[in-house]
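# A look at the structure
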Amino acid sequence: MDTQSVDALTKHEQILRHIESLKLGSRISVRKIAKNMEVSEGTAYRAIKEAENQGLVSTKERIGTVRVEKKLRQNIDKLTFAEVVNMVDGQVLGGSRGLHKTLNKFVIGAMEQDAMMRYIEAGSLLIVGNRNEAHSCALEYGAGVLITGGFDTSAEVKLLADKLELPIISSSYDTFTVASMINRAIYDRLIKKKIMLVEDILASGASLYALKANSTLRDWQRLSEDTGYSRFPVVDEWNRIIGVVTSKDMVGANALQTVDKLMTRSPLTVTPQTSVASAAHMMVWEGIELLPVVDLNRKMVGVLNRSDVLKAMQYIQKQPQNGETFEDLIWSGLEEVRDEKGTLQFHGVITPQMTNHLGTVSEGVLTTLMTQAAYRIVQEFKKGDLVMDNMSTYFLKPLQIDSKIEIRPTIIEVSRKFGKIDVEIYHAGSLVSKAMLTAQVI
């Protein structure tokens, strides 16, 4: 499909392109955008908010909106100074033109200044209290400064920060709290980093093949011969998805039949920010082979085939863990064992974190344990992931802290697409919980 001309773009899209072309650190205002692009302030505001969602700009109270570098997914764990300001409810005292810069590490200034300077380098963030000399030295070394305890700094330090375009930030939180907040943010980003999105597997620069509503059977045949595909999205003159057409739709059609009479209208779509697992679930559940990828205006930006999704799911399984979710933490205390017959079981202990306010194990934790056990036993018989379809759960007896448990999953049936699993949890030889699960195999 040919690249769209600027004339075919909406005002909203033209503003986004204009923002993307601005130099990093440039200040952006609704009034200025509206004037330069000859649009209403409402249109300008909506486009700026969309740019913020896309990571093109960052907005902070008392600072304004600034063009920032859009992060690649592989760099999602790296923070900008502007993001640190938001995390710690900070106030920028100087160097606001450097808020878009990325920091590579942070240094706690709980030591003598000479010793402190050995750890500071360009791109660092020094977290320190009311120590003006340390502030100026850090700036001269190319580092930003985060002052804890709500303290201010000298006018000279602020001028130096402005001159070097390195942010100096003040937060009312203490040093320990600030460090914990930043650590937590980085850890959360590591978890997000391992969740593969549709945008991660879309081939950048790849040709987009689509048909128009007035395309005919001959057009479909020609495109199918050229590409080797048999399924294509159908778009209007604005490149918006209006349908999908497959080889089955073309059976019995005459050569001049237009695809708008044959296509499936209002097809399911995903966005670049949809997770690959969700897209896979949708394809399996609906029995479809092709998913158009659209932006917020339903304009096509790519196409997802089932083969793309399956390759991505296989890739995900081979990747190391970058961060642990609650499910990972709950399951980490379980040990895989085999009985005398070689049957797979899992043994573990109920920890304090697994309990509710009554001191007994949380029903949600037990459900997670049984679900994870079902996933793992299915993988012994069939490689791939499961998408939960239905689960019937029975909680028979309460479990206390430090109770030793045995989880015994049993395969009832596993076919090419579906699995049925029975899971039982025992304590001291007595059945305490039981579940019957049905799931789809990806």
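Note: the structure precedes this text.
Our subject in this report is the structure included herewith. From a predicted model like this one, the values you see are computed outputs, not experimental measurements.

## A look at the overall build of the protein
When helices and strands are counted, the protein shows 15 helices and 22 strands. With 442 residues in all, the protein has 42% of them scored as buried. Long-range contacts, defined here as pairs at least 24 residues apart, represent 54% of the contacts in the protein between residues at least 6 apart. Total accessible area on the protein is roughly 23,800 Å²; 50% of this is exposed by carbon and sulfur atoms.

## Some points on the packing of helix α1 (residues 11–21) against helix α3 (residues 41–53)
The contact between α1 and α3 brings their axes to 9 Å, and the two run at 55°. In terms of their interaxial angle, α1 and α3 are classed as oblique. Remark: the crossing between α1 and α3 carries right-handed chirality. Seen from α1, the contacting residues are Lys 11, His 12, Ile 15, Leu 16 and Ile 19; seen from α3, they are Thr 43, Ala 44, Arg 46, Ala 47, Ile 48, Glu 50 and Ala 51. Looking at side-chain class alone, the contact of α1 with α3 contains 7 nonpolar, 2 polar and 3 charged residues.

## Overview of the pattern of salt bridges
Scanning the entire structure with this criterion turns up 15 salt bridges. Between Lys 158 and Asp 152 there is a salt bridge, with the nearest N and O atoms lying 3.2 Å from each other. What makes Lys 158 partly exposed here is its relative accessible area of 23%. Residue classification places Asp 152 among the partly exposed positions, given a relative accessible area of 42%. Between Asp 236 and Arg 240 there is a salt bridge whose closest N-O contact spans 3.1 Å. Given a relative accessible area of 14%, Asp 236 falls into the buried group. Beyond isolated ion pairs, a larger network of salt bridges with shared partners links Glu 336, Arg 338 and Glu 380.

## Description of the packing of aromatic side chains
The geometry of an aromatic ring pair is captured by two quantities: the separation of the ring centres and the angle between the planes. Tallied over the entire structure, the rule returns 1 aromatic pair. Ring geometry for Trp 331 versus Phe 346: centroids 4.9 Å apart, planes at 65°, classification edge-to-face. With a gap of 15 residues between them, Trp 331 in helix α14 (residues 326–331) and Phe 346 in strand β18 (residues 344–349) connect regions that are remote in the sequence. Phe 346 carries the same exposure label as Trp 331, and that label is buried. Across the ring face of Tyr 426, the terminal group of Arg 408 is positioned such that the distance to the ring centre comes to 3.9 Å.

## Looking at the side chain of His 135
Examined against the element boundaries, His 135 turns out to sit in helix α6 (residues 132–140). Each residue touching His 135, except ones within four places of it in the same chain, is listed here: Val 128, Gly 129, Asn 130, Val 145, Ile 147, Asp 152, Thr 153, Val 157 and Ile 168.

## Quick word on unusual backbone geometry
Its identity is not glycine, yet Asn 239 carries a phi of approximately 65°, on the positive side. By the element assignment, Asn 239 lies in the loop between β12 (232–235) and β13 (241–245). On the basis of relative accessibility, which here comes to 8%, the residue Asn 239 falls in the buried class. Look at Ala 428: it is not a glycine, yet its phi comes out positive at around 55°. Tracing the backbone shows Ala 428 in the loop between β21 (418–427) and β22 (430–441). Since its relative accessible area comes to 72%, Ala 428 is described here as exposed.

## A closer look at the environment of Phe 418
Its place among the elements puts Phe 418 in strand β21. The partly exposed category is assigned to Phe 418, whose relative accessible area is 40%. C-alpha of Phe 418 to C-alpha of Val 387: the two residues are 31 residues apart in sequence and 9.3 Å apart in space. With residues near it in sequence (within four places) discarded, Phe 418 still touches Glu 413, Ala 439, Gln 440 and Val 441.

## With respect to helix α2 (residues 30–37)
For α2, the full list of buried residues reads Ile 33, Ala 34 and Met 37. The buried residues of α2 occupy an angular sector of 100° when the element is viewed end-on, so they sit on one face. Exposed and facing more than 90 degrees away from the buried side of α2 are Arg 31 and Lys 35. Buried residues in α2 make contact with α1, β1 (27–28) and α3. Immediately downstream of α2, the backbone of Glu 38 shows phi near 55°, a positive value.

Cut-offs used in this document
Residues numbered from 1 in each chain as written. Predicted model: local features only at pLDDT ≥ 70, side-chain atom pairs only at ≥ 80, totals over all residues. Heavy atoms only, no water. Helix = DSSP H or I, 4+ residues; strand = E, 2+ residues; numbered from the N terminus. Buried < 20%, exposed > 50% of the residue type's maximum accessible area, 1.4 Å probe, protein only. Contact = heavy atoms within 4.5 Å. Areas by Shrake-Rupley, 256 points an atom, 1.4 Å probe, with all protein chains shown as cover. Axes fitted to C-alpha atoms, helices over the stretch in contact; angles between N-to-C directions. Parallel < 35°, antiparallel > 145°, perpendicular 65-115°, else oblique. Left-handed = near helix turned anticlockwise from the far one by under 90°. Nonpolar A, V, L, I, M, F, W, Y, C, P; charged D, E, K, R; others polar. Salt bridge = Lys/Arg side-chain N within 4 Å of Asp/Glu carboxyl O. Phe/Tyr/Trp six-rings, centres within 6.5 Å; stacked < 30°, edge-to-face > 60°. Lys NZ or Arg CZ within 6 Å of the ring centre and 35° of its normal. Arc of directions from axis to C-beta.

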